[in-house]
Amino acid sequence: MPAEHGFNFDNWGGIIRYKLNMPVYIDDRADFYGEQFYQDYGRICETKPGWQELLDKKQIDWILFPKESFLANALKLDKNWQLKSSDQASVLYTRVK
């Protein structure tokens, strides 16, 4: 699964990018990405109407997010996503193909 098709929690983007040398969807430099991009990110994070369509449009195949977030809880109930890994703080979901 290509790293560039991922969606990550913004606060973890820097660690993913610099420690693992992987491309990230976003990092904690919110002003760098522009208003519309950050609005889309927020819509997905908060699972507001249209969040699934944004994931489809952006061709997101994996999501690494905090375990008890709105997004993680929604993915837990979505048959299009499968839990691949979890720990005390995070979950990794992949799109069911």
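Right above here is the structure, for reference.
First things first, this report covers the structure right here in the doc. It should be emphasised that the depicted structure is a prediction, and the values quoted were computed from it without experimental measurement. (Residues numbered from 1 in each chain as written. Predicted model: local features only at pLDDT ≥ 70, side-chain atom pairs only at ≥ 80, totals over all residues. Heavy atoms only, no water.)

## Here we look at the nonpolar core
Ranked by internal contacts, the top residues of the largest apolar core, which has 19 residues, are F7, L55, I63 and L71. Where this core is concerned, the elements lending two or more residues are helix 3 (35–45), helix 4 (51–57), strand 2 (62–66), helix 5 (70–77) and strand 4 (90–95). For this core, the leading source of residues is helix 5, giving 4 residues. The contact partners of F7, leaving out residues within four places of it in the chain, are Y25, Y41, I44, C45, L55, I60, W62, I63, L64, F65 and L71. (Core = buried A, V, L, I, M, F, W, Y, C linked by side-chain atoms within 4.5 Å. Buried < 20%, exposed > 50% of the residue type's maximum accessible area, 1.4 Å probe, protein only. Helix = DSSP H or I, 4+ residues; strand = E, 2+ residues; numbered from the N terminus. Contact = heavy atoms within 4.5 Å.)

## So, helix 5
Turning to helix 5, its buried residues are L71, A72, A74 and L75. The arc enclosing the buried residues of helix 5, seen along the axis, measures out at 165°, which places them on a common side. Residues of helix 5 that are exposed and point over 90 degrees away from its buried face: F70, K76 and L77. Residues of helix 5 that are buried in the fold lie against strand 1 (6–8), helix 3, helix 4, strand 2, strand 3 (81–86) and strand 4. (Arc of directions from axis to C-beta.)

## Focus: the packing of aromatic side chains
Enumeration according to the criterion identifies 8 aromatic pairs in this entry. An angle of 20° between the planes, with centres 5.1 Å apart, marks the rings of Y33 and F37 as stacked. Under the relative-accessibility criterion, F37 is labelled partly exposed at 22%. An aromatic cluster is defined as three or more aromatic residues linked by ring pairs; in this entry it consists of F7, F9, W12, Y25, Y33, F37, Y38, Y41 and F65. Over the aromatic face of Y18 sits the side chain of R17, whose NZ or CZ is 6.0 Å from the ring centroid. (Phe/Tyr/Trp six-rings, centres within 6.5 Å; stacked < 30°, edge-to-face > 60°. Lys NZ or Arg CZ within 6 Å of the ring centre and 35° of its normal.)

## Notes on the sheet that holds strand 1
Paired through backbone hydrogen bonds, the strands of a sheet run either parallel or antiparallel to each other. Pairing within the open sheet is mixed, and its 4 strands lie in the order 1-2-4-3. Only two strands of the sheet have a single partner each, and these edge strands are strand 1 and strand 3. Between one strand and the next, the sheet's axes are offset by a mean angle of 20°, whatever the strand orientation. Note: strand 3 against strand 4, 5 bridges, orientation antiparallel. (Pairing = 2+ DSSP bridges. Axes fitted to C-alpha atoms, helices over the stretch in contact; angles between N-to-C directions.)

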